[in-house]
Amino acid sequence: MLILFSFMFLIVAHLFEKAVNQATGFNLEIRQDLSMSMYHKDGDLILGGILQIHMQNNHLGSTNFKELPASTDCFLSVMRYYRHRLAFHFTVEEVNNNAELLPNITLGYRIYDSCAWELRAIHGTLSLLSGRQVPVPNYSCEDRGVLAAFIGDLTSDTTYSISQLSRIFHYPQISYGAMDPIFSDRILFPSFFRMVPNERSQYDAIIQLLRHFGWTWVGILTSADYQGQSAGEELKRAIIQSGGCVEFLAMIPLIGNYQTIPEVVHLIRSSTCSVIVLYSSMVYLLQQFMLKEWRKHEIPPKVWILSATLPIITDFDIGKAFQILNGSIAFSIPKGEIPGFKDFLYSVNPTMFPNDVLLKLIWQLNNFLRNIHFKPSIGNEIFFDEKGDTPTRYDILNCIYLPNGALIQTLVGSFHPSAPSDQQLFINESAIRWQPLFKQTPRSVCSKSCRPGYRKAPKEGSPKCCYDCVPCAEGEFSNATDMEKCLKCPDDQWPKKKRDGCIPRTIEFLSYEDPLGAALASLAIVLCAITAGTLGIFLKYRETAVVKANNRDLSFILLLSLMLSFLCSLLFIGRPEKLTCLLRQTAFGIIFSVSVSAVLAKTITVVIAFKATKPGSRLREWVGSRVLNFLVLLCSLGEVLICTAWLLISPPFPDYDIQTDPGRMILICNEGSLFAFYSVIGYMGFLAILSFIVAFLARRLPNSFNEAQLITFSMLVFCSVWVSFIPVYLSTKDKYMVTVEIFAMLLSSTGLLSCIFIPKCYIILLRPEMNIREHLIGKPVCKTV
């Protein structure tokens, strides 16, 4: 059975008069003063219809619950509602004219007008159950057919009232407008079905619409009944959970209770949001806009979002009230044409009269409705899910008030609850005509958007949609509007001046193109050349007394190690690579250890040579070069072991420093282990101090062995340089750390070269008369006459 009359939703309300008689117990009193509108057609099977055809006046007024509410007639005829009754009649006729649907059975109906009032809905239900227009509870007086099922109602509260009675007898009930989520409870409503979606899907539709336009700051206006209050609170929670904020939730008072209307009007006028959700199933809510309390106040232009029951405003003549809602966006259940209405097939499941053929046909309808699934010639597929709901979609309409007073509704989009989440909402923005005072798509936010370079900072005590915009911190950026927190640039990039993006950092290291690097490299090469020249002089004059004194092999070893020390500084210049990072500190440590070990050996040579000159001294056998060379090897071996452990446990590696200087990436060699690094320096210092002590003790030896004085001074320079190096190195950043270390290497090596070898070169080249053995041992030189 196809139902294509589409209007929606209300939430739980249950109103019925009970009187308790102390003497007789529970009694049900039937109102005799209600004039009920009833439409009927006789048949073998009767469909009971409770339809909303008229509106009831003042039924929402207050009551003291001590006397019966005043009875009033249904006063407002709504053409759309009347079409529902005609569609009902048409459908029954189509079924009766089709011999294949219910052969030999005539379908009839009894329709009562609920007037959107629970009391009338209950009265009509009791009349259908008893078969009399004046109900007779617990009796069936129907002699013109068997009641098969109930259809109705449009609103949730009247539908709920009908269901409280129909479910007792397991009659199927199909609603064409009740959207309350409670009807999905199959325990409470096992025989209930509906042709409209669960109301919660409309919350999702509204939230996606708000998100589509970026409306995060909205108000909610609903009716001051249980349905409106409950739906309003649930919608508010849903909006907040989705990331939006609700500025206010206001209730429009019931008809006849106008005292609070000025307060609601003032709330709307003073609100800062540009979007208000008008959420209710009470049609009277739209009539409130006709009241002078609304019209005498100038309501600022707003975008109104109407829930799915309210697009029927075209059925009401509310005049200039349309102007307030001009340009509004409305949700609507899709409407369809009725070329030939397929009817419902009904069955109930009574067990009291299993032999009655007609009742058996009624023993089958519930199961049939649960399994129904067909597609009419026009429209979507019709079926019910396990909760009795039918999948559907919402049309999104744009309500336009024309200058001639007419109101038109244009389809501008749709919402499919069953589609994938990213395909549920479709909006054709170009088809929307906003309120004339809006020159472009309205914005509705509590705070202005934070532009790139800023982030949102929540205001204490305010909703999360209300915030301040604060600049991103140093080293951070934001490249989009309304970012919750700023982002960090990749390590090789740095935020722009406005902090709205990243730019490559300036890469820096001590390079050969750098003037400082070029100067240090040139100085190292020059010093290496000077050392090589000194070595050449010593090789040329290796048989002279000055060169042979204090072990010439040690002098050759020392000069070669000094040459390598000068060249080693070149490893510290240029882009740090894995190989150079591994070699430069270890090579520096081992080569310098060889140099200092050679100096130590020369110092010991001075002491041994002096002691060996004494008669009977056994130190003569220690004066040979083999023992001293072994001493150099042994002292250097300690540094080799430290460097080997360093490379195996925590080797140096290429790294970068982005903390020292913002905006620059300084390429460095990470030493891996500072303990190992300072162990290398410390071991060299130990050898140097040992050499200094030995040389200092030997400084008063005869002048023939005065090299001890030169070694003492050279070691003093060496130790002073490296003791000063440590605090300067620790206080220096970026590429200047490398500069300090290179300078210390060059200066200490130059100190050894100049203090030990320059005086000897002076004698060899400029004072050859002093480069004889007699002069060194202090004997007078005989000159020929």
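Since the structure is predicted, the reported quantities are computational estimates derived from the model, not experimental observations.

A. Main features of helix α3 (residues 156-166). With respect to burial, α3 is a largely interior element, 10 of its 11 residues being buried. Of the residues making up α3, those classed as buried are Ser156, Asp157, Thr158, Thr159, Tyr160, Ser161, Ile162, Ser163, Gln164 and Ser166. Turning to α3, the residues buried within the fold contact β4 (45-51), α2 (118-130), β8 (146-151), β9 (173-175) and β10 (192-194).

B. View of the nonpolar core. Phe538, Phe588, Phe718, Trp722, Ile742 and Phe757 are the most contacted members of the largest nonpolar core, which has 62 residues in total. Residue assignment for this core shows that the elements contributing at least two residues are α12 (515-540), α13 (545-548), α14 (552-568), α15 (578-612), α16 (625-649), α17 (674-697), α18 (707-731) and α19 (735-766). Considering every element that reaches this core, the biggest residue donor is α19, with 13 residues. Setting aside its immediate chain neighbours within four residues, Ile742 contacts Leu510, Leu520, Ser569, Phe572 and Ile573.

C. Focus on the UniProt feature "transmembrane region" (unreviewed entry) in the chain. According to UniProt, the positions carrying the feature "transmembrane region" (unreviewed entry) are residues 516-541, 553-574, 586-610, 630-649, 675-698, 710-730 and 742-765. Measuring from the first to the last C-alpha atom of residues 553-574 gives 35 Å, for a span that is 73% helix and 0% strand. End C-alpha to end C-alpha, residues 710-730 measures 31 Å, and it is 100% helix and 0% strand.

D. Main features of the pairing of β4. For β4, the tally of buried residues reaches seven of seven residues, placing the bulk of the element in the interior. With burial as the criterion, each face of β4 is covered, one bearing Leu45, Leu47, Gly49 and Leu51 and the other bearing Ile46, Gly48 and Ile50. Looking at chain direction, β4 and strand β7 (residues 107-113) are connected through seven bridges and run parallel. Bridging across to β7, Gly49 finds its partner in Ile111. Bridge count for β4 against β8 is five bridges, and the pairing is parallel. Counted as the bridge partner of Leu47 is Ala149 from β8.

E. Summary view of the packing of aromatic side chains. If you walk through the whole model with that rule in mind, you get 24 aromatic pairs. On the basis of an interplanar angle of 20° and a centroid distance of 4.6 Å, the ring pair of Phe213 and Trp215 is categorised as stacked. The same class applies to Phe213 as to Trp215, namely buried. Seen from their ring centres, Trp722 and Phe725 are 5.0 Å apart, and the 70° between their planes marks the pair as edge-to-face. In this pair, Trp722 and Phe725 are both assigned in helix α18, three residues apart and thus about one turn of the helix distant. Residue Trp722 shares its accessibility class with Phe725, and that shared class is buried. An aromatic cluster is defined as three or more aromatic residues linked by ring pairs; in this entry it consists of Phe588, Phe592, Phe677, Tyr678, Phe718, Trp722, Phe725 and Tyr729. In this arrangement the basic side chain of Arg167 is found over the ring face of Phe189, its NZ or CZ atom lying 5.5 Å from the centre. Between the NZ or CZ atom of Arg186 and the centre of the ring of Phe193, over which it lies, the distance is 5.3 Å.

F. The arrangement of the state of the cysteines in detail. Applying the stated criterion to the full structure yields six disulfides. Each sulfur in the disulfide pair Cys489 and Cys502 lies 2.0 Å from the other. Here the S-S torsion is close to -90°, and the disulfide linking Cys489 with Cys502 is therefore left-handed. Here Cys489 is found in the loop between β24 (487-488) and β25 (493-495), whereas its partner Cys502 is found in strand β26 (residues 502-504), with 13 residues between them in sequence. Among the residues examined, Cys489 registers a relative accessible area of 10% and is labelled buried. Between the sulfur of Cys581 and that of Cys669 lies a disulfide, 1.8 Å long from S to S. Every disulfide takes its handedness from the sign of the S-S torsion; for Cys581 and Cys669 that torsion is -80°, giving left-handed. Highlighted residues: Cys581 in helix α15 and Cys669 in strand β29 (residues 664-670), separated in sequence by 88 residues. Each member of the pair, Cys581 as well as Cys669, is classed as buried.

Criteria and thresholds
Residues numbered from 1 in each chain as written. Predicted model: local features only at pLDDT ≥ 70, side-chain atom pairs only at ≥ 80, totals over all residues. Heavy atoms only, no water. Buried < 20%, exposed > 50% of the residue type's maximum accessible area, 1.4 Å probe, protein only. Helix = DSSP H or I, 4+ residues; strand = E, 2+ residues; numbered from the N terminus. Contact = heavy atoms within 4.5 Å. Core = buried A, V, L, I, M, F, W, Y, C linked by side-chain atoms within 4.5 Å. UniProt positions renumbered as here; feature names shortened; annotations may be inferred. Pairing = 2+ DSSP bridges. Phe/Tyr/Trp six-rings, centres within 6.5 Å; stacked < 30°, edge-to-face > 60°. Lys NZ or Arg CZ within 6 Å of the ring centre and 35° of its normal. Disulfide = S-S within 2.5 Å.

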